[in-house]
Amino acid sequence: MKKLVSILIAATLLLCLMPLRFSGAVTDDKDHVVIASFYPVFIFAENILSGVDGITLKCLSAPSTGCLHDYQLLAGDMENLSHADAFLICGAGMEGYLDKALEQFPDLYIIDSSADIELLAEKHEHHHHDDSHDEEDHDDEANDHMWLDPLRTIQMVGNIADGLVFRFPEYAEQIIKNTGFYIEKLTLLDAEIDAGLSSLINRDIVTFHEAFPYFADRYGFNIVAVMALEPEEPLSPAAMIELSDEVMSHGCPPLFTEPQYSSKAAEVISRETGAPVFELDPIVTGDYAPDAYEKGMRKNMLTLIEALGECE
Ligand SMILES: [Zn+2]
C-alpha cells in the first residue's frame, strides 16, 4: 500500500510537470525570429534560411502589400519588430519608416540588403510650395528597386547571408551552403534572360512606376516614359495628355501596367495613341514559393519578347 501511494504521488507529480515541460519545449523549438520587411526580401531570405530549423522567418508586411512606398507601420508591425532578432530590409530608402522603427527599438539588428550596391538615381516629382522649384523638379534620391536586376539581387542575397551568418554563427554552414546554391540559380537565371532578350531590336518601353530602371540598366532597355512617378496618386488629365504626346513621339512603344496597380492610365493612353498594353511584374506580391522570384523574372522576359518582338 505504501508503495502504491508513492507511485501515485510520483505519477501526479509527473502529470503536473509534463504540461510545463511541453509548453517550454514548444516555445523553445525555434530560438530566433528574423523578420523581412517585404515580399522580395522575404523570398531571398527563405532560400538562404532553407532547412535552418532554429530560425523562424516572418514577413512584416502582408504579401499583398507591394512596394513599401508610403507604407506606415501598424501596431501589429511594432509588436512583431519587438520580437525580432534581426530585421532584413531592402534598404536604399524603401523602408521610409525605418527611422521611426529605430526610434522605438534602438537595438533592432538591421541587415541592409542594399549595402555597397551601385544605386541609380530616382526620378521623383516634387511638390514644393515655394517659388524656387516647380513641379517638374527632379532630385537625386536613390531608386530602391534593385532586385529587378538579377546581378544586383545576387549582391542583395550575399548581403543578407553575410548579415545572418554574423548574427547567427551557429547556422553558418547551412546558410553558406544555401546561399551558394541560390546564387548559382540566380546566375543561370540572369544568363537565360540576357540570352532571351538579346535579339530584340526595339528596346523602348513605358512602365507604370519607377520599378524597372535596374532591369533596363542590366538588359539594355530604354524607359522612355513612366506613367506614375507617384504610384499611389491618380494621374491628372494634363499628365495623361503629356504622356500621350511623349508616347507618340517615341513611335508608340508598348505600355506596361503592373499587377499591383490599376491599369486605367495605360488604357487611356493606349486609346489615345494606339500603343499596346502588356503587364510587367515588379515581383512585390505573390505566394511564398521559394522560386517565386525566378518565375516572375522569366515571365517578364517572355512578356517583353511578346511585346517588343511583334513590332519588328
Ligand atoms: Zn515600387
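The model shown is predicted, which means the values in this text are computed figures rather than measured ones. (Residues numbered from 1 in each chain as written. Predicted model: local features only at pLDDT ≥ 70, side-chain atom pairs only at ≥ 80, totals over all residues. Heavy atoms only, no water.)

How should the confidence of the model for the chain be read in this particular structure?
Per-residue pLDDT for the chain has a mean of 88; in total, 84% of the residues score no lower than 70. Throughout residues 11-28 the model reports pLDDT below 50, and contacts reaching past four residues in sequence, or to other chains, amount to zero contacts. Low confidence marks residues 126-138, where pLDDT is under 50. Its contacts with residues over four positions away, or in another chain, come to 15 contacts. (pLDDT = per-residue confidence, 0-100. Contact = heavy atoms within 4.5 Å.)

Would you take a moment to explain the coordination of the zinc ion for this structure?
Geometrically, a metal with four donors at the corners of a regular tetrahedron has ideal angles of 109.5 degrees, and one with six donors at the corners of a regular octahedron has ideal angles of 90 or 180 degrees. Surrounding the zinc ion are the protein donor atoms C67 (SG), H69 (NE2), H145 (NE2) and H209 (NE2), at 2.0 to 2.2 Å. Bound by four donor atoms, the zinc ion shows angles of 101 to 115° at the metal and therefore tetrahedral coordination geometry. Look at where the donors of the zinc ion fall in the sequence and you get C-x1-H-x75-H-x63-H. Taken as a pair, C67 in the loop between β2 (55-59) and α3 (75-82) and H145 in the loop between β4 (110-112) and α5 (150-167) lie far apart in primary sequence, 78 residues in all. The same class applies to C67 and to H145, which are both buried. (Donors = N, O, S within 2.8 Å, 3.2 Å for Na, K, Ca; no water. Tetrahedral: all angles 85-135°; square planar, octahedral: opposite > 155°, others 65-115°. Helix = DSSP H or I, 4+ residues; strand = E, 2+ residues; numbered from the N terminus. Buried < 20%, exposed > 50% of the residue type's maximum accessible area, 1.4 Å probe, protein only.)

Can you help me understand the sheet that holds strand β8 (residues 277-279) in this one?
Working definition: the strands of a sheet are paired by backbone hydrogen bonds and lie parallel or antiparallel to each other. As summarised here, the arrangement of the four strands in space is β6-β5-β7-β8, forming an open sheet in which the pairing is parallel. Of all strands in the sheet, those bounded by a partner on one side alone are β6 (222-226) and β8. Neighbour to neighbour, the strand axes of the sheet diverge by 35° on average, direction disregarded. Bridge count for strand β5 (residues 204-207) against strand β7 (residues 255-257) is two bridges, and the pairing is parallel. Paired with V206 across the two strands is L255, which belongs to β7. (Pairing = 2+ DSSP bridges. Axes fitted to C-alpha atoms, helices over the stretch in contact; angles between N-to-C directions.)

Before we go on, may I ask you to explain the environment of T56 in this structure?
Of note, T56 is situated in strand β2. Taking the C-alpha atoms as reference points, T56 and D31, 25 residues apart in sequence, are found 7.8 Å from one another.

Can you help me understand helix α2 (residues 39-48) in this one?
Given 3.6 residues per turn, any residue in an α-helix points the same way as the ones three and four places further on. Among the ten residues in α2, ten count as buried, and that is most of the element. Among the residues of α2, those classed as buried are Y39, P40, V41, F42, I43, F44, A45, E46, N47 and I48. In the core, the buried residues of α2 are packed alongside β1 (32-36), β2, β3 (86-89), α5, α6 (172-197) and α10 (292-309).

Explain the packing of α2 against α5 here, please?
Each pair of packed helices can be summarised by the angle the axes make with each other and by the distance between the axes. Taken N-terminus to C-terminus, the directions of α2 and α5 make an angle of 60°; their axes are 10 Å apart at the nearest point. Classified by the angle between their axes, α2 and α5 sit oblique to one another. For the pair α2 and α5, the crossing hand works out as right-handed. Listed contacts from α5 to V41, F44 and I48 of α2 are T153, M156, V157, I160, A161 and L164. (Parallel < 35°, antiparallel > 145°, perpendicular 65-115°, else oblique. Left-handed = near helix turned anticlockwise from the far one by under 90°.)

It is not clear to me how the packing of α5 against α6 should be interpreted in this structure. Could you clarify?
Relative to each other, α5 and α6 sit at 175°, their axes nearing to 9 Å. Taken together, the axes of α5 and α6 lie roughly antiparallel to each other. Contacts between α5 and α6 involve P150, L151, T153, I154, V157, A161, L164 and V165 on the former and, on the latter, A172, I175, I176, T179, Y182, I183, L186, T187, D190 and I193. Among the residues forming the contact of α5 with α6, the class breakdown is 14 nonpolar, three polar and one charged. (Nonpolar A, V, L, I, M, F, W, Y, C, P; charged D, E, K, R; others polar.)

Looking at this model, I keep getting lost on the pairing of β6. Mind explaining?
Note on strand geometry: in a regular strand, side chains alternate between the two faces of the sheet. Relative to β6, β5 runs parallel, the two sharing four bridges. Bridged to D204 within β6 is N222. Once you follow β5 into helix α7 (residues 213-219) and on to β6, the crossover reads as right-handed. (Right-handed = clockwise from strand over helix to strand, strands pointing away.)

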